[in-house]
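So the chains spell out like this:
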Amino acid sequence: MDKAETYRQLKAEIDSVVEGETSETARYATAACLLAQAFKPRFFWTGFYIVDPMKDAELVVGPYQGTLGCLRIPFGKGVCGHVAATREAIIVPDVHEFPGHIACDAASNSEIVVPVFHADGRLAAVLDVDSTDYDAFDTEDLTGLTAICETLLTV
Ligand code: SME
């Protein structure tokens, strides 16, 4: 099965599991689990950093699969913080070249980060996927992950 088809099936599975579920935590956890399982071992760390409603411009770690993640990331810091500030997805082929990259786990060498929005357009979270390989993510990952993130908070 090619990667685009894997993403199509995964999106259908995630949508089906979370249908009618009102807990955002349950939705994030489902997506993190199914993505990590489907793409292991390429997806070394898969999870969400959530916009903290109690803080100004700060992400706090949400459901994830992988090694210990750092707890908080200010908007503008590292790859996740950059995506939170710009609201645009990014592929980083070599994280060591990215200014301000936060190395939660030194084994990470490339990553992709995709924003998740509420229905009213407010930023809800970012999906962060890291790999121990360099250059592990391409436009098919971007398209597949974006499609999953687009409907993740739609009950
Ligand atoms: N790589 C991220 C930090 C989060 S962890 O890798 C889990 C970044 O620079 O935004």
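All of these numbers come straight from a predicted model, not from anything done at the bench. (Residues numbered from 1 in each chain as written. Predicted model: local features only at pLDDT ≥ 70, side-chain atom pairs only at ≥ 80, totals over all residues. Heavy atoms only, no water.)

Peer 1: Lay out the site of the ligand in plain terms, naming residues and giving numbers.
Peer 2: Near the ligand, the surroundings consist of Trp45, Tyr49, Ile73, Gly78, Val79, Cys80, His101, Ile102, Cys104, Glu111, Asp128 and Asp130. For the ligand, an oxygen atom lies 3.0 Å from a polar atom in the backbone of isoleucine 102. Note that a nitrogen atom of the ligand is positioned 2.7 Å from one of the side-chain N or O atoms of glutamate 111. Compared with its free state, where it exposes 310 Å², the ligand has 99% of that area covered by protein. Judged by the proximity of its atoms to the pocket grid, the ligand belongs to the largest cavity. Listed by contribution, the elements that provide at least two residues to the shell around the ligand are β1 (45–51), α3 (78–86) and β6 (123–131). Ranked by residue count, the leading element in the shell around the ligand is α3, at 3 residues. When grouped by side-chain class, the residues that make up the shell around the ligand number 7 nonpolar, 2 polar and 3 charged. (Near = heavy atom within 4 Å. Polar contact = N/O pair within 3.5 Å; in protein donor to acceptor, adjacent residues only side chain to side chain. Areas by Shrake-Rupley, 256 points an atom, 1.4 Å probe, with all protein chains shown as cover. 1 Å grid on protein atoms, 1.4 Å probe; cavity = no way out; pocket = protein on both sides within 12 Å on 5 of 7 lines; lining within 4 Å. Sits in = over half its atoms within 2 Å of the grid points. Helix = DSSP H or I, 4+ residues; strand = E, 2+ residues; numbered from the N terminus. Nonpolar A, V, L, I, M, F, W, Y, C, P; charged D, E, K, R; others polar.)

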